[in-house]
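Coordinates in review
Here is how the chains run, residue by residue.
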Amino acid sequence: MGEKRACLEKNEDFKVGSWGYRHQQCVILFFALTIAYSMRACMGVSLVAMTDFDEDPNTNLTSNSSSKEFEVHGVLNTLMLVPPYPIFRWNKKIQDVVISSFLWGYVVLQIPAGHLAHKYGAKSLLTGAMAINCIASILLPLGTYYGGWICIVIFRVIQGLSQACIMPGMHTFFGNWAPLHERGRLTALTYGGQALGTVLGLPMTGFISASSLGWPGIFRLYGLLSGLIGAVIWWLLADTPSKHTRISAMEKEYIESDLGHKKGHDKNRMPVPWKKILRSQGSYAIIVAHIGHTWGQLILYSEVPAYMDKVMGVNIKANGLLTALPFMVMWLTNFFFSWFTDMLIVKKFLSVTNTRKVANSIGCIPAAIGLISLAYVPQNIYIIETILVLVCAVKVSSHMGFQVNHIDISPNFAGTMMSLSNFMANSIASLAPITTGLILTDVKSPKLWGYVFSVAAGFYLISNLFYVIFGTAERADWNEPLRYEKDSENALIKIRNEKEPPISRNKNENK
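None of these values were measured; they are calculated from a predicted model.

Definitions and limits used
- Residues numbered from 1 in each chain as written.
- Predicted model: local features only at pLDDT ≥ 70, side-chain atom pairs only at ≥ 80, totals over all residues.
- Heavy atoms only, no water.
- Helix = DSSP H or I, 4+ residues; strand = E, 2+ residues; numbered from the N terminus.
- Buried < 20%, exposed > 50% of the residue type's maximum accessible area, 1.4 Å probe, protein only.
- Contact = heavy atoms within 4.5 Å.
- Areas by Shrake-Rupley, 256 points an atom, 1.4 Å probe, with all protein chains shown as cover.
- Expected span 1.5 Å × (residues − 1).
- Bend = angle between axes of the 7 residues up to and from the residue.
- Core = buried A, V, L, I, M, F, W, Y, C linked by side-chain atoms within 4.5 Å.
- pLDDT = per-residue confidence, 0-100.
- Arc of directions from axis to C-beta.
- Patch = residues over 30% accessible without salt bridge, like charges linked within 9 Å, V, L, I, M, F, W, Y side chains within 5 Å.
- Salt bridge = Lys/Arg side-chain N within 4 Å of Asp/Glu carboxyl O.
- Axes fitted to C-alpha atoms, helices over the stretch in contact; angles between N-to-C directions.
- Parallel < 35°, antiparallel > 145°, perpendicular 65-115°, else oblique.
- Left-handed = near helix turned anticlockwise from the far one by under 90°.
- Nonpolar A, V, L, I, M, F, W, Y, C, P; charged D, E, K, R; others polar.
- Phe/Tyr/Trp six-rings, centres within 6.5 Å; stacked < 30°, edge-to-face > 60°.
- Lys NZ or Arg CZ within 6 Å of the ring centre and 35° of its normal.

1. With respect to the overall build of the chain
Scanning the chain for helices and strands turns up 20 helices and zero strands. Going through the 511 residues of the chain one by one, you find that 50% of them count as buried. For the chain, the proportion of contacts with a sequence separation of at least 24, taken over those separated by at least 6, is 84%. A total of about 24200 Å² of accessible surface is found on the chain, and carbon and sulfur atoms cover 64% of it.

And the structure:
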């Protein structure tokens, strides 16, 4: 009783809103995600600096052909540490293969990555992911020159395979570190790196490629940053509060008691309840919401610039500020929606389930309306940019909906659930560019572009409706498989004892 009373007094003294080691851990992951997304977004701009294809049908393309004779001058130039740098004759099809190759590896390893995160923990998995990205990125320039586009595809597939471990690893981490009342803010602090990584990555890539470092410097910089953040993760990150060497007893008790982790809790030893996850209604609600979000996001990020170029006559890529502004606004509003959803839960204005549904609806419905309106508004850059900013500003709200819902349902298997939904979402949403190509028989037709945006809006609306109907944030009974099986066994014994007549100790009484 004395220990329990002391524990309660400690929790009362502990200030939930104060800065703690849980916030420090999230900041480390924020930088890791920012670097990862910058590396992911840099390929398109890098190819502009790497290639010079003149659309000449007589051009003889080989895997390492250059648009001009490249002569090596000294050892440093051989290692491509000083200019001049080779320029490649890769047509648009080869460039598209290079860009999409990252996704091949990213999708393939999603589900295994969730299992690895559950078994070995987020720290080891994320450290390994960033280390592999470091090596692949640093070696990519040399491999590209001596091995051609096939070699760069191989390196990008390797980067995709390693980065497939990031989202499951981070969700596994949050399953151990993110209490319910701070879940929105803590996850937003980290996942804000998705938007900021794109904001910083695009202009930074252009600046480096135009400098004396050239296009090889892009990959070397990201490689060094990946190695640095990997070392920081290995040094400072902890899989669980109990494994952190400097966290206070009060903060550790606050996190573990909120998540229901008892002393000696080791979820790595728990078998993944795949059958129960695949039978869970909440899991399918998350998967459908994730698919709709990813499809709409690909259209918004990849196809809208082409629409403005072909139909509106505005090339937004020519203006770095206009390109970065929607992402910057999304990063800022990310913090507002994280505070807003946490406030709804803390003040008990809404249940956790309804809070997730409201957040997801705020992110999907305005985005759908904004996409449809793009095809019908006047051809004015200010109007288009305003719509894009508003769409991105509210779209991020869905991150406080389906994206953190895995942790609500099962903190112990959040990484596994994320790997499953991320695999399904990216697999199906990868058809978005193909579908767009089939619809756009005339890339300058506003009517056909309206069909493209309507399909994306339909994905937003239908997936959100499914999530609102079937979504839940209730803790699953299979979150603790061993305890669940024990309880089920006890329940069976209890039922059996109720049905069978009691056995008399005196044999003579039965006669």
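Here the narrative resumes.
2. A few points about helix α8 (residues 183-210)
For α8, which comprises 28 residues, the first-to-last C-alpha distance of 41 Å matches the rise-based estimate of 40 Å (1.5 Å per residue) to within 8%. Of all the bends in α8, the greatest measures close to 40 degrees and is centred on L189.

3. Quick notes on the nonpolar core
Counting residues in hydrophobic clusters, the biggest one holds 42 residues, and the most contacted among them are V304, Y307, L371, L374 and F453. Those residues in contact with F453 that sit more than four places away from it in its chain are I299, V304, Y307, L371, I372, L374 and A375.

4. A short note on the confidence of the model for the chain
Per-residue pLDDT for the chain has a mean of 81; in total, 80% of the residues score no lower than 70. Considering each helix and strand of the chain separately, the mean pLDDT is smallest for helix α1 (residues 2-13), with a value of 46, and largest for helix α14 (residues 352-374), with 94. Across residues 484-489, where pLDDT falls below 50, the model places two contacts with residues more than four positions away in sequence or in other chains. Predicted confidence is poor over residues 491-511, with pLDDT under 50, and the contacts of this stretch with residues over four places away or in other chains come to two contacts.

5. Side note on unusual backbone geometry
When glycine is set aside, most residues are seen to have a negative phi, and most peptide bonds are trans. Positive phi outside glycine occurs at K348, with the angle close to 60 degrees. If you trace the backbone, K348 turns up in the loop between α13 (320-346) and α14. With a relative accessible area of 72%, K348 lands in the exposed category.

6. Some thoughts on helix α5 (residues 110-120)
Of all the residues in α5, the buried ones are Q110, A113, G114, A117 and H118. Viewed along the axis of α5, the buried residues span an arc of 135 degrees, placing them on a single side of the element. Just beyond α5, the residue with positive phi is G121, at close to 90 degrees.

7. Things to note about a nonpolar patch on the surface
Judged by side-chain polarity, I132, I150, I154 and I158 come together as a nonpolar surface patch covering roughly 320 Å² of accessible area. Checked against the element boundaries, I158 lands in helix α6 (residues 122-163).

8. Topic: the pattern of salt bridges
Inspection of every chain in the model, using the stated rule, returns five salt bridges. Here R22 ties to E182 by a salt bridge, and the two come within 2.8 Å at their closest N and O atoms. Of the two residues, R22 sits in helix α2 (residues 21-50) while E182 sits in the loop between α7 (166-177) and α8, which places them 160 residues apart along the sequence. The burial state of R22 is the same as that of E182; both residues are buried. Several salt bridges converge on common partners, so that one network encompasses R22, E182 and E251.

9. What about the packing of α2 against helix α9 (residues 214-236)?
Two elements in contact, α2 and α9, have axes separated by 10 Å at closest approach and are oriented at 165 degrees. When the axes of α2 and α9 are compared, the pair comes out roughly antiparallel. The hand of the α2/α9 crossing is left-handed. Residues of the contact of α2 with α9, tallied by class, amount to 18 nonpolar, five polar and no charged.

10. Notes on the packing of aromatic side chains
The final tally for this structure, using the stated rule, is 16 aromatic pairs. Measuring from ring centre to ring centre gives 4.7 Å for F88 and W90, while their planes differ by 15 degrees; the resulting arrangement is stacked. Accessibility classification places F88 together with W90 in one group, the buried group. The lysine or arginine in question, K123, covers the ring of W234, its NZ or CZ lying 4.9 Å from the ring centre.

11. A few points about the environment of A289
Within the fold, A289 resides in helix α12 (residues 281-310). The exposure class assigned to A289 is buried, which follows from its relative accessible area of 1%. Separated by 71 residues in the primary sequence, A289 and N360 have C-alpha atoms spaced 8.4 Å apart.

12. Considering the packing of α2 against α8
One can describe the packing of α2 onto α8 by two numbers: an axis separation of 6 Å at closest approach and a directional angle of 35 degrees. With respect to the hand of their crossing, α2 and α8 are arranged in right-handed fashion. Looking at the contact of α2 with α8, its residues break down into 16 nonpolar, 13 polar and one charged.

13. Some remarks on the environment of G105
Assignment of secondary structure puts G105 in helix α4 (residues 92-108). Separated by 52 residues in the primary sequence, G105 and V157 have C-alpha atoms spaced 4.7 Å apart. Excluding anything up to four places from it in sequence, G105 contacts V157, G160, L161 and A164.

14. Describing the environment of V352
Structurally, the position occupied by V352 is in helix α14. Distance in space between the C-alpha atoms of V352 and A473 is 6.0 Å, their sequence separation being 121 residues. Residues in contact with V352, not counting those within four places in the same chain, are L180, I345, D408 and A473.

15. Topic: the side chain of T294
On the secondary structure map, T294 appears in helix α12. Residue T294 is classed as buried on the basis of its relative accessible area of 8%. If sequence neighbours within four positions are ignored, T294 has contacts with A425, N426 and A429.

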